[in-house]
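Inside the fold
Read off the chains here:
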Amino acid sequence: MKQIESVKEFGGWLNRYEHASASCHCSMRFSVYLPPQAATGKVPAVYWLSGLTCTDDNARTKAGAQRYAAELGLALIFPDTSPRGDDIPDEPARYDLGKGAGFYVNATQAPWSTHYHMYDYVTDELPALIEANLPVLPGVKSICGHSMGGHGALICALKETNAYRSVSAFSPICHPLKSPWGKGCFGAYLGDDVTQWKAYDATELILAGAKPMAALIDQGTNDEFLAEHLFPQDLQAAYAARGGDLTLRMQEGYDHSYHFIATFIGEHLAYHAKALRG
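Before going into details, it helps to say that this report is about the structure given with it. Keep in mind that what you see is a predicted model, and the values were worked out from it rather than measured.

1. Concerning unusual backbone geometry
Cis geometry marks the peptide bond from A110 to P111; its omega dihedral reads 0°. For P111, the location among the structural elements is in the loop between β5 (75-79) and α3 (118-133). The backbone phi angle of T53 is positive, close to 75°, even though this residue is not glycine. Relative to the helices and strands, T53 resides in the loop between β4 (43-49) and α1 (57-62). In this structure T53 comes out as exposed when scored by relative accessible area, which is 52%.

2. Remarks on the pattern of salt bridges
Counting across every chain of the model gives 10 salt bridges. Taking the shortest distance from any N to any O, the salt bridge between R60 and E5 comes out at 2.6 Å. Remark: E5 occurs in strand β1 (residues 2-9) and R60 occurs in helix α1; sequence separation between them is 55 residues. Assessed through its relative accessible area of 7%, R60 is described here as buried. On the basis of relative accessibility, which here comes to 28%, the residue E5 falls in the partly exposed class. Across the pair D96 and R94 runs a salt bridge, and its minimum N-O distance is 3.1 Å. We classify R94 as partly exposed; its relative accessible area is 35%.

3. Regarding the state of the cysteines
Within the structure shown, the criterion is met by 0 disulfides. No disulfide involves C174; its nearest neighbouring cysteine sulfur is the one of C156, lying 14 Å away.

About the thresholds
- Residues numbered from 1 in each chain as written.
- Predicted model: local features only at pLDDT ≥ 70, side-chain atom pairs only at ≥ 80, totals over all residues.
- Heavy atoms only, no water.
- Helix = DSSP H or I, 4+ residues; strand = E, 2+ residues; numbered from the N terminus.
- Buried < 20%, exposed > 50% of the residue type's maximum accessible area, 1.4 Å probe, protein only.
- Salt bridge = Lys/Arg side-chain N within 4 Å of Asp/Glu carboxyl O.
- Disulfide = S-S within 2.5 Å.

Written as structure tokens, this is what we have:
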């Protein structure tokens, strides 16, 4: 784990690291914001999973989250969205498959299966690395994300029972089995057996009996991807059928962009801080 960048922000430090990943079999980069409180003790962490085409850089420069994290005493963890490198399989003509589109699954199909293990990376390898090397409280973490990353946050929280104190999402892909994005990536990464896809679909996980962990979702009504790709109403119905606590806030006039995220990120971090301090 090598630090390659450090910038002071709001009394804390925004750092970038690289390391050799055992899950993805390549060099991976991630960023961490350590609030001022981390200078004198360990702090809880919120993991942010970004969406299609993003790296670890998008949210840390566009979401405006560090100001709130400094006030709340939260570390922010920004993983990449896929493996990277000249030898990593990719589909350069597509933005929704390959590099920048890891979809937070463990791929089982060639040529993706060697490197595209983003689920294991996010839920296991990266937290272990961070907790061993940075002033972050072991096991005291929450997770959130946007779009493809919102999908990732939801499935991580639903599949890893008791691993996260809270979960939230902006414009998540709630039912990827019905989304062209999900179908394209799941078919490539996981093969043709749709039953394998259901293990990485938040709506299907709830319908299959996963514990409906309380969740906060913000969705813009002017989101250009809402009707074709996101399906928050499906997840809401699944939660309702199981008696789960899902707060779905349809935010009038907002789109899919980081302008939307920056507007409400403070409320999400306060939501996580309450759970992490509880």
